[in-house]
Amino acid sequence: MINESIAKLAAYAEQNGLIEAADRTWAVNRLLEVMQADSYEEPSKTFSEIHLAEVLDDLCNCALETGALTENSIVYRDLFDTKLMGAITPMPSQVQGKFHELYEENPQSATDWYYKFSQDTNYIRRDRIAKDVKWIAPTEYGDLDITINLSKPEKDPKAIAAAKHMPAGSYPKCLLCRENEGYAGRVNHPARQNHRIIPVTINDSDWFMQYSPYVYYNEHGIVFNSQHTPMKIEPATFRKLLDFVKQFPHYFVGSNADLPIVGGSILAHDHFQGGHYTFAMEKAPVETPLTFDGFPQVEAGIVKWPMSVIRLRSSDDSALVELASKILAAWRGYTDESAFIFAETDGEPHNTITPIARMRDGKYELDLVLRNNITTEEHPLGVYHPHAELHHIKKENIGLIEVMGLAVLPARLKEELQVLADALVSGGDIRADERISKHADWAEKLKTRYTFTADNTMDIVQKEVGIVFSKVLEHAGVFKRDMQGQQAFLRFVDCVRGMGAKK
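Fair warning: this is a prediction, and the values are worked out from it, not measured in the lab.

The rules behind each value
- Residues numbered from 1 in each chain as written.
- Predicted model: local features only at pLDDT ≥ 70, side-chain atom pairs only at ≥ 80, totals over all residues.
- Heavy atoms only, no water.
- Helix = DSSP H or I, 4+ residues; strand = E, 2+ residues; numbered from the N terminus.
- Contact = heavy atoms within 4.5 Å.
- Areas by Shrake-Rupley, 256 points an atom, 1.4 Å probe, with all protein chains shown as cover.
- Polar contact = N/O pair within 3.5 Å; in protein donor to acceptor, adjacent residues only side chain to side chain.
- Core = buried A, V, L, I, M, F, W, Y, C linked by side-chain atoms within 4.5 Å.
- Buried < 20%, exposed > 50% of the residue type's maximum accessible area, 1.4 Å probe, protein only.
- Pairing = 2+ DSSP bridges.
- Axes fitted to C-alpha atoms, helices over the stretch in contact; angles between N-to-C directions.
- Salt bridge = Lys/Arg side-chain N within 4 Å of Asp/Glu carboxyl O.
- Expected span 1.5 Å × (residues − 1).
- Left-handed = near helix turned anticlockwise from the far one by under 90°.

*Asks:* Just checking my understanding: could you explain the overall build of the protein chain for this structure?
*Replies:* Looking only at helices and strands, the protein chain has 16 helices and 15 strands in total. The long-range share in the protein chain, meaning contacts at least 24 apart out of those at least 6 apart in sequence, stands at 64%. Accessible surface computed for the protein chain: about 22400 Å², of which carbon and sulfur atoms make up 49%.

So this is what it looks like as structure tokens:
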């Protein structure tokens, strides 16, 4: 069993370009070392169709029997199978060399290869990504992407218990630091022996790019600072974003905001997210054209979107950086009490921006999403955050990915929506079922609008989840979509204009 599984993994590595034919014996011996085995006999048969997840599962089972793997839980199995893949993953210099060779031909050829490579090494686990539930939901703002994320493994009890007894780790400092490349991991930090990163230079500073192991959308990339330094939205941010899309014009790139509640999950390490995907926000049209004195070369406007977005477009990237910086400076200090927008309270700043950059039809484009993280007694998680009546679907922070129109919903909803759909068809007591009682008020409203059958219920539920998500985004918008809100939006635009024209 162990011989055949090692042979399969070595064959897989060769078939997918991780090793050359001349590396075969070396690769087998590396795998034997990880398996703590000291003998091997090459199987007589050859292997054509190899399913990586099955081979790794078999090797983990073998390692459990021999004692090379001591615990049979997902965290420990992940640590072990990543060690196996690390044994057959090329060195960083080889990976970078191949990427730059392809980049000279065409940037997209380089990222196509790198994305496939990141899957072939099992850094991106194809088998888990395939479990994610995804659908498209039509709304008044266009077709929103809805995903229930199932690829991120849940922590298992044994790993949680073991982590409690471990000293606090400071290496790597976080999940994004460059020191993760090749790191063996521990029960409270994922193994990354199969992880390879690509250096990039933006705004004359050293950064790296990689893919997210959980890929919420096609080629979901992360671009991160070579230094462990906090997130900060500043004029240099716009320069960095535009520098990146200049080098990778087929990718968009954006930054989470730099304040809690409206920011991302990792505020301690400056990073962006990008990829090869067109979100609904990119497709959304400009509904209110704007002009700014001193910037005749910049097309500008308010985007038809549930959140508050100013779009800037020009072939002059320096003008975009200058105008975006002006808008940022105005927004940082902007207060409009009638619209419940406060730049700060008790010395705590509230206003920031979620910026997104892309190339479109040969021009640079920047979307500036205005954010505010103020809280109140009525809305302790945030005034511009999904309110309590929507928490049955989405309670978590609205970060960059959601801002652009992709809902990343919690794994619990896979079961809950199915149970709810069954209850809507059968007439079951939704309030009495603790699994779905949180959805009862929503379900009562749906019952007044639809006749549910076994054939149509899940389609209706998925469509309505999309509408809930559009309301989540409306809640996160600082200027509301009604006439009063849009007038308040234009008051802010006038504030920007009043800061003085470009010299």
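There's plenty left to go through after this.
*Asks:* Teacher, can you tell me more about the side chain of Asn194 here?
*Replies:* By secondary structure assignment, the location of Asn194 is in the loop between helix 8 (157-164) and strand 3 (198-202). Of note is the side chain of Asn194, whose polar atom sits 2.9 Å from the backbone oxygen of Thr121. Residue contacts for Asn194: discarding those within four places in its chain leaves Thr82, Met85, Gly86, Thr89, Thr121, Asn122 and Tyr123.

*Asks:* What am I meant to see in the nonpolar core here?
*Replies:* Soluble, globular proteins show a tendency: their nonpolar side chains are buried together. Among the nonpolar cores identified, the biggest contains 101 residues, and Leu9, Leu312, Ile327, Phe479 and Phe492 are the most heavily contacted of them. A per-element tally of this core places helix 11 (residues 317-332) first, with 9 residues. Other than its neighbours up to four places away in sequence, Ile327 contacts Phe292, Ile310, Leu312, Ile353, Leu368, Phe492 and Val496. If you look at the next biggest cluster of nonpolar residues, it comprises 52 residues, including Met307, Leu400, Leu424 and Val461.

*Asks:* Looking at this structure, how should I read the sheet that holds strand 10 (residues 309-314)?
*Replies:* In a beta sheet, neighbouring strands pair by backbone hydrogen bonds and run either parallel or antiparallel. With antiparallel pairing, the 10 strands of this open sheet are ordered in space as 3-4-5-7-6-13-14-10-9-8. The strands lining the two open edges of the sheet, one partner per strand, are strand 3 and strand 8 (286-290). Ignoring strand direction, the axes of neighbouring strands in this sheet form an average angle of 25 degrees. For strand 9 (residues 299-303) and strand 10, the ladder comprises 4 bridges, and the chain directions are antiparallel. The residue of strand 10 that forms the bridge with Glu299 is Arg313. Against the sheet, helix 5 (residues 92-105) touches strand 3 and strand 4 (205-211), its axis set at about 55 degrees to strand 3. The strands that helix 11 touches are strand 10, strand 13 (351-360) and strand 14 (363-372); relative to strand 14, the one it contacts most, it runs at about 5 degrees.

*Asks:* What should I look at first to understand the pattern of salt bridges in this one?
*Replies:* Opposite charge on two side chains lets them pair, provided their charged atoms get close. Evaluation of the coordinates by the stated rule reveals 37 salt bridges. Where Arg311 meets Asp367, a salt bridge forms, and the shortest distance between an N and an O atom there is 2.7 Å. Residue Arg311 is found in strand 10, and its partner Asp367 is found in strand 14; the two are separated by 56 residues along the sequence. Between Arg360 and Glu365 there is a salt bridge whose closest N-O contact spans 2.7 Å. Judged by relative accessible area, Arg360 falls into the partly exposed class, the value being 22%. For Glu365, a relative accessible area of 2% corresponds to the buried category. One continuous salt-bridge network, built from bridges that share partners, spans Glu282, Glu299, Arg311, Arg313, Arg358, Arg360, Asp361, Lys363, Glu365 and Asp367.

*Asks:* Quick question: what am I supposed to make of helix 11 here?
*Replies:* Because the α-helix completes a turn every 3.6 residues, residues three or four places apart line up on one side. The end-to-end C-alpha separation of helix 11 is 22 Å, in line with the 22 Å expected for 16 residues at 1.5 Å each. Counted residue by residue, helix 11 has 12 buried out of 16 residues, so it is predominantly covered. The inward-facing, buried residues of helix 11 abut helix 9 (235-247), strand 10, strand 13, strand 14 and helix 16 (483-497). At the N-terminal boundary of helix 11, the capping side chain belongs to Asp316, with an oxygen 3.1 Å from the backbone nitrogen of Ser318.

*Asks:* For this particular structure, what's the right way to read the sheet that holds strand 15 (residues 406-409)?
*Replies:* Read from one edge to the other, the open sheet built from 3 strands follows the order 1-2-15, with strand pairing classed as mixed. What marks the edges here is a single partner per strand, and that holds for strand 1 (133-139) and strand 15. Recorded for the sheet is a direction-independent mean angle of 25 degrees between the axes of neighbouring strands. Relative to strand 2 (residues 142-148), strand 1 runs antiparallel, the two being bridged by 7 bridges.

*Asks:* Before we go on, may I ask you to explain the environment of Arg332 in this structure?
*Replies:* Relative to the elements of secondary structure, Arg332 occurs in helix 11. Arg332 sits in the partly exposed class, given a relative accessible area of 29%. Non-local contacts of Arg332, meaning those with residues more than four positions away in its chain, are made with Ile233, Asp258, Ala343, Asn351 and Thr352. Engagement of the side chain of Arg332 in a polar contact is seen with the backbone oxygen of Ile233, the distance being 2.8 Å.

*Asks:* Just to check I follow, could you spell out helix 13 (residues 412-426) for this structure?
*Replies:* Between the first and last C-alpha of helix 13 there are 21 Å, a value that for 15 residues agrees with the 21 Å anticipated at 1.5 Å per step. Of the residues making up helix 13, those classed as buried are Leu413, Glu416, Leu417, Val419, Leu420, Ala421, Ala423 and Leu424. Looking at the buried positions of helix 13, the neighbouring elements they touch are strand 1, strand 2, strand 15, helix 14 (440-447) and helix 15 (457-476). After helix 13 finishes, the residue Gly427 shows a positive phi value of roughly 80 degrees.

*Asks:* Looking at this model, I keep getting lost on the packing of helix 11 against helix 16. Mind explaining?
*Replies:* What describes two packed helices is the angle between their axes and the distance between those same axes. Running from N to C, helix 11 and helix 16 point in directions that differ by 115 degrees, and their axes come no closer than 9 Å. Relative to helix 16, helix 11 is oriented so that their crossing is right-handed. Taking contact as the criterion, the partners of Lys326, Ile327, Ala330 and Trp331 in helix 11 are, on helix 16, Phe492, Val496 and Arg497.

*Asks:* What's the story with unusual backbone geometry in this structure? I'm lost.
*Replies:* For residues other than glycine, phi is negative in most cases, and the peptide bonds are mostly trans. Of note, the amide linkage connecting Tyr171 to Pro172 takes the cis form, showing an omega dihedral of -15 degrees. Within the fold, Pro172 resides in the loop between helix 8 and strand 3. Phi at Glu219 is positive, roughly 55 degrees, even though this residue is not glycine. Positionally, Glu219 belongs in the loop between strand 4 and strand 5 (221-225). What makes Glu219 buried here is its relative accessible area of 5%. Even without glycine at this site, Phe340 takes up a positive phi of about 55 degrees. In this fold, Phe340 is placed in the loop between helix 11 and strand 11 (344-345). Phe340 gets classed as partly exposed once you look at its relative accessible area, which sits at 34%.

In short, geometric facts, not functional conclusions.
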